[in-house]
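Chain by chain, the residues:
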Amino acid sequence: MKLTHSSAKFVLILFVAVVSAFFGPSYVRAAESPSSSPSASPSASPSTSPTSTAVQYQASVSTDRAAGQVSYSVRGLDLEQTSRLTLQVTDSKKTILYTKEILLDSSNCQNGIFNGTFSISDVKYTYDQLSVNLLIGGSSISAGTCDFSIHTKNIKFTVDGNKESASRTLTLTSTESAGGVLIPGTGNQVSVLAWPNGADESTAKVIGAKTNIAGTGLAWPANITVAGVQYGTWNAKLVLTNTSNTALNQTLAKTTYEVNPVYSSLTVSKTKALEKKQSFGIYLKGFKNPFDVSKVKFNIYNSKGSQVASVNATAKDAAKTKYYAAVKLKNLDYSLDQYTIRVVVTDVNGSIKTLNITAVADERIQKGTLSVTKKKNASCTYKLTNAYIPGNIKKVQFVIYRLGSNKKKLGTYKAKVSSNKKKYYITLKNTQTGSFKVIAYGYTNWNKKIRLNSQIFRLKKKDMGKNGWYYEKYSGKKYKVYYENNVKQTDLTKELNLKKSSGSNTNKFYIEINRAACVVTVYMYDDETKKYDIPVKTCTVSVGRDVSTVAGTGGLNEHSSYTPIGTYSICSNGQSVKYSLKPMYEPDGSIVYARWASHIVGNVYFHSVAVGSQSHYALSAYNYNRLGSPASAGCVRMTVADAKWIYDYASAGSTVKIVKGNSSKPGPLGKNKTIKINGVSYDPTDPAVPNSRKKADYKAGRISGYMKKNGKKVGY
């Protein structure tokens, strides 16, 4: 049967419909367009996501995230066969968000191509990966997906600032790659809400006003007190809103921040002034609070954990970063204990905060160390060291008991105290042997007697030592020496009751200079033995630096530097040649000044280490520190105190013998330790220099010792 063109077309359409029911639309469209091929279809640009469910149609989609707009395109349309299509947008859960039916005509579809758009507002600001489909007839063509999601993984949100500050900075930082968009669309704004940790999120309040999102980052100020005045951890959330969508309220990120006071230290101070007042001080430093402070208190707890006192602290600076309070022991009922200090802050909102810091005030007794030192002169020194009673020890007493069957109290003795009040001591003569017990008691400034420490000791016959005069052998000769507390004395001026040399008083001395040892020993005539065998004084000196020459006075000249060997006398020329200040010429022609000079022979004198001018403060530390070693041009250099002693006590005519000597045998009184100076220009034995200055320099380490005006030695 022959079919007409229209009849044949109808049969073909019917055939296609039947085949479509069995094989699907892709097969049908391929059958409808046998001449079409993939290579003949226009391709999508790199910024699109092209897909096609058949050869006849091709659809693509591109997304402008910044504008919040999607452009889609369909190709391969035939207006004779297709007069309409439907846009359908679904979210990632396949929920249809937006449907739009489009009538096709020559005004919007040319050359088989239709281009359309939709915006984020059309999908009701659904931030998701959206699928774009086009329905044509009974067929669905996928144009691809558009990214309307919020790139939350590229959002970093923080509440910056110090936890003690009410003013903070809200920061949104984007790690989006260059050209990327965090949130699609326009009109986007963010705000920040905060609520206390542990509270319901519904109680959140805005601390950061709505702010337009722009660029790759955002920072804007906030006052956290708007949300509340509670201390501790707070939660904060970054919320998205939109100027065109008042219903939008989406959380983008969450974080936490702290609201708490800060501080650098809490310490207990125990100064001399406070101890004198029987008090201790408490310092809180580096304190800052998020809210204005109404009051700061120091609560005090005893070792059992009970609160025993509370004192108000006073701000010590305008910024109120330092607080101080003094606590009197009287307020603690003079209970000597170890106390724990806690800080309680009340702010202007009435909130009370106990700081997470404590300090310890140790107001306990320290028993110290009690020692008994046996002396060879039949005495014992009882010493209590490092004992402490808060509020200072008023006095210490030693009570001594004899132990055994005849136990009895021997006596109560008030102890002496060192200048720094670290040592309490007394030396008592031993009167009997046996076992003994000494108990140290301390008295508080509120007149309470406290037992501190005790010690048991035993005394034997051998514990009775030297005191007074003894004859002893030294280097093959016998000398009469004097002991005090079993210590050989090196200056017997007081013990011998010596008087200064004068017209009415002549001291019979023999003075020996041991050149090798740099030691001068002064001997006194003993009427009993008829010998100069009483060593009165020893002085450590400097002799001529040339110690190899053993000549006498014959080689002395202005350029010589040896102390001549031989026997001479004080004022060898028979005249009383002594100078309280003598100019002396150096080999280079310069003039120096020596105090308390006593002539020996030629140009050789006993004198103090010379100074550069007629001043007590022009001393060369280098020359002074060489005492005890050869250093002079021939004279015998001495300390001011020793030179003045020779000047005052050595009568004219006293024999002076200069021997080569032996450095290992300085003399029966030995070799005295010398003073070292550093940073001062005076002699620490000079009585013209005030004691106060010497004491200060000694304490500062500038001198290793000094002599007081009364002749008492300190440090050497």
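Every chain is numbered independently, its residues counted from 1 as its sequence is written. Only residues with pLDDT of 70 or above have their local features reported here, since the model is predicted, and side-chain atom pairs are shown and tallied only from 80 upward, although totals for entire chains, interfaces and linings are computed over all residues. To obtain the side-chain values, all non-hydrogen atoms of the structure were included, while hydrogens and water were left out.

**Structural notes on the overall build of the protein chain**
Argument step 1. Secondary structure elements are taken from DSSP: a helix is a run of H or I of four residues or more, a strand is a run of E of two residues or more, and numbering for both begins at the N terminus. For the protein chain, the count of helices and strands is six helices and 45 strands.
Argument step 2. If you line up the protein chain on its principal axes, its C-alpha atoms span 180 × 75 × 45 Å.
Argument step 3. Of all intrachain contacts in the protein chain linking residues separated by at least 6 positions in sequence, the fraction that spans at least 24 positions is 58%.
Argument step 4. Under the convention used here, a 1.4 Å probe and the Shrake-Rupley method define accessible areas, while residue burial counts only the protein chains that appear. Here the protein chain displays about 36800 Å² of accessible surface, and carbon together with sulfur accounts for 48% of that area.
Argument step 5. A residue counts as positive if it is Lys or Arg and as negative if it is Asp or Glu; His and the chain ends are not included. For this purpose, a charge sits on NZ of Lys, CZ of Arg, CG of Asp or CD of Glu. The average position of the 96 basic charges and that of the 43 acidic charges among the side chains of the protein chain differ by 17 Å. Residues count as neighbours in contact if any of their non-hydrogen atoms are within 4.5 Å of one another.

**Overview of the side chain of Lys237**
Argument step 1. Mapped onto the fold, Lys237 is located in strand E14 (residues 232-242).
Argument step 2. Here the side chain of Lys237 touches Glu201 through a polar contact of 3.0 Å, side chain to side chain. Polar contacts, as used here, are pairs of N or O atoms within 3.5 Å; protein pairs need one atom able to donate a hydrogen and one able to accept it. Residues neighboring in sequence count only if both atoms are side-chain atoms.

**Here's the deal with the packing of aromatic side chains**
Argument step 1. Aromatic pairing here means that ring centres of Phe, Tyr or Trp (its six-membered ring) are within 6.5 Å. Orientation follows from the plane angle: under 30 degrees is stacked, over 60 is edge-to-face, and everything else is tilted. According to the stated counting rule, one finds 23 aromatic pairs in the structure shown.
Argument step 2. Both rings, one in Tyr382 and one in Phe398, keep their centres 6.5 Å apart while their planes meet at 40°; by these two values the pair is tilted. Taken together, the positions of Tyr382 in strand E25 (residues 379-385) and Phe398 in strand E26 (residues 393-402) put the pair 16 residues apart, joining distant regions of the chain.
Argument step 3. Put simply, the rings of Tyr479, Tyr510, Tyr523, Tyr525 and Tyr532 touch in pairs and so form one group of aromatic residues.

**Looking at the sheet that holds strand E43 (residues 655-659)**
Argument step 1. At least two DSSP bridges between two strands are needed for those strands to be called paired. Taking strand neighbours across the sheet as the criterion, the five strands line up as E37-E36-E35-E43-E38 in an open arrangement whose pairing is mixed. Each edge of the sheet is formed by a strand with only one pairing partner; in this case those strands are strand E37 (531-540) and strand E38 (566-569). Averaged over all adjacent pairs, the angle separating strand axes in this sheet is 25°, with direction ignored.
Argument step 2. Across six bridges, strand E35 (residues 509-514) lies against strand E36 (residues 519-526) in antiparallel orientation. For Asn514, the partnering residue across the bridge sits in E36 and is Val519.
Argument step 3. In the packing of helix H5 (residues 640-649) onto the sheet, the strands contacted are E35, E36 and E37, and the crossing angle to E37 comes to about 145°. Axis geometry follows a simple rule: fit a line to the C-alpha atoms, using only the stretch in contact for helices, then measure angles between N-to-C directions, giving values from 0 to 180 degrees.

**Some words on the pattern of salt bridges**
Here the idea is simple: oppositely charged side chains can pair when their charged atoms come close.
Argument step 1. A pairing counts as a salt bridge when a side-chain nitrogen of Lys or Arg comes within 4 Å of a carboxyl oxygen of Asp or Glu. Evaluated as defined, the whole model comprises 13 salt bridges.
Argument step 2. Here Asp147 makes a salt bridge to Arg65, at a shortest N to O gap of 3.4 Å. Taken as a pair, Asp147 in strand E8 (residues 139-147) and Arg65 in the loop between strand E1 (58-64) and strand E2 (69-75) lie far apart in primary sequence, 82 residues in all.
Argument step 3. With a shortest N-O distance of 3.1 Å, Lys537 and Asp491 are connected by a salt bridge. Here the residue Lys537 occupies a position in strand E37, and Asp491 occupies one in the loop between strand E34 (487-488) and E35, the gap between them amounting to 46 residues.
Argument step 4. Look at Lys537 and you get buried, because its relative accessible area is 7%.
Argument step 5. Its relative accessible area of 30% is what places Asp491 among the partly exposed residues.
Argument step 6. Each of Glu201, Lys237 and Lys254 takes part in one network of salt bridges that share partners. Note on exposure labels: buried denotes an accessible area under 20% of the residue type's maximum, exposed denotes more than 50%, and partly exposed covers the range between, all computed with a 1.4 Å probe on protein chains only.

**Considering the environment of Gly711**
Argument step 1. You can see Gly711 is positioned in the loop between strand E44 (706-707) and strand E45 (713-714).
Argument step 2. Placed 70 residues apart in sequence, Gly711 and Ala641 show a C-alpha to C-alpha distance of 8.4 Å.

**Considering H5**
Argument step 1. Of all 10 residues in H5, nine are buried, a share of seventy percent or more.
Argument step 2. Listed as buried for H5 are Val640, Ala641, Asp642, Ala643, Lys644, Trp645, Ile646, Asp648 and Tyr649.

**Let's talk about the pairing of strand E13 (residues 217-223)**
Argument step 1. Of the two faces of E13, the one holding Leu218, Trp220 and Ala222 is buried and the one holding Gly217, Ala219, Pro221 and Asn223 is not buried anywhere.
Argument step 2. Inspection of the sheet shows strand E10 (residues 167-174) paired to E13 by seven bridges, in the antiparallel sense. Across the sheet, Arg168 pairs through a bridge with Ala222, a residue of E13.

**What about the confidence of the model for the protein chain?**
Interpreting fine coordinate detail is not advised for predicted regions of low pLDDT.
Argument step 1. On a scale of 0 to 100, pLDDT captures the predictor's confidence in every residue. Averaged over every residue, the pLDDT of the protein chain is 89; the share at 70 or more is 91%.
Argument step 2. Within the protein chain, no element has a lower average pLDDT than helix H2 (residues 25-32), which sits at 33, and none a higher one than strand E42 (residues 636-638), at 98.
Argument step 3. Low pLDDT, under 50, characterises residues 1-55; the stretch is placed with 53 contacts to residues that sit more than four places away or in other chains.

**What about the sheet that holds E2?**
Argument step 1. Strands sit in the order E1-E2-E6-E5 across an open sheet of four strands; the sheet is antiparallel. The sheet is open, and its two edges are formed by E1 and strand E5 (109-110), each paired on a single side.
Argument step 2. In this structure, E2 lies alongside strand E6 (residues 113-119), joined through six bridges in antiparallel fashion. Residue pairing across strands places Tyr72 opposite Gly116, the latter belonging to E6.

**Re unusual backbone geometry**
Argument step 1. Although it is not a glycine, Ser475 sits at a positive phi angle of roughly 55°.
Argument step 2. Along the chain, the position of Ser475 falls in the loop between strand E32 (468-474) and strand E33 (477-484).
Argument step 3. The phi dihedral of Trp596 is positive, around 50°, even though this residue is not glycine.
Argument step 4. Among the secondary structure elements, Trp596 is positioned in strand E40 (residues 591-601).

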